[in-house]
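# Secondary and tertiary structure notes
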Amino acid sequence: MAIHQATRRELLAGSGALFAWAFAPKLARAEGRDPRFLTIVLRGALDGLAAVAPVGDPDWIKLRGDKALKAEGNSALALDGFFALNPAMPNLHRLYHAGQAIVVHAAATPYRERSHFDGQDVLESGLPRPAKVDSGWLNRALGTLEAGDRTQTPNGRRAFAVGPVTPLVY
């Protein structure tokens, strides 16, 4: 039986991951804080109909087939008589029924051209068509609020973004 001798790099990576894991619940959960507004922009990969399904639509199962969430029989989390959440989203379901979260389903901008990148800029800028701007709708909305503690987080930051670049929305 051979025992793997860990390299220094593996030990550092493992201890770093263990250290970061201790702080992950604090960073990832907004419900323990007093958030004024939390916006999440997911680029690609999330199928809105797999997250929030129109289970009350009579054509839903016919269009989606065996991948369709159903109002009965597969533990979909009912929002109202028409929409249901994917069962992997119990926290959002709880927040929705507590009146602390909303779902804006099938919303779109007026942009109807073919560029995905321009469409993303329209979504984040809040403008009706692509334009060269330096800030998005959320940053401009924050600028209209009165100065003070209402727009400050406990650590003094005004916004937090995760990604390779700061999104235009901020």
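For the structure itself, look to the data block above.
So, a few notes on the structure that sits alongside this text. (Residues numbered from 1 in each chain as written. Predicted model: local features only at pLDDT ≥ 70, side-chain atom pairs only at ≥ 80, totals over all residues. Heavy atoms only, no water.)

### Describing the side chain of Ser125
- With respect to the element layout, Ser125 can be found in helix H5 (residues 116-125).
- Within the local environment of Ser125, its side chain forms a polar contact with the backbone nitrogen of Leu127, the two atoms lying 3.1 Å apart. (Helix = DSSP H or I, 4+ residues; strand = E, 2+ residues; numbered from the N terminus. Polar contact = N/O pair within 3.5 Å; in protein donor to acceptor, adjacent residues only side chain to side chain.)

### Here we look at the environment of Ala101
- Mapped onto the secondary structure, Ala101 falls in the loop between helix H4 (90-97) and H5.
- Residues contacting Ala101, with those up to four places away along its chain left out, are Leu92, Leu95 and Tyr96. (Contact = heavy atoms within 4.5 Å.)

### So, the pattern of salt bridges
- Taken as a whole and judged by the stated rule, the model has one salt bridge.
- Taking the shortest distance from any N to any O, the salt bridge between Asp59 and Lys62 comes out at 3.3 Å.
- According to the relative accessible area criterion, Lys62 is exposed, its value standing at 65%. (Salt bridge = Lys/Arg side-chain N within 4 Å of Asp/Glu carboxyl O. Buried < 20%, exposed > 50% of the residue type's maximum accessible area, 1.4 Å probe, protein only.)

### With respect to the sheet that holds strand S1 (residues 52-53)
- Strands sit in the order S1-S3-S2 across an open sheet of three strands; the sheet is antiparallel. Two strands in the sheet have a free side with no partner beyond their single neighbour: S1 and strand S2 (77-78).
- The pairing of S2 with strand S3 (residues 84-85) spans two bridges and is antiparallel. Residue pairing for S3: Leu77 is matched across the bridge by Leu85. (Pairing = 2+ DSSP bridges.)

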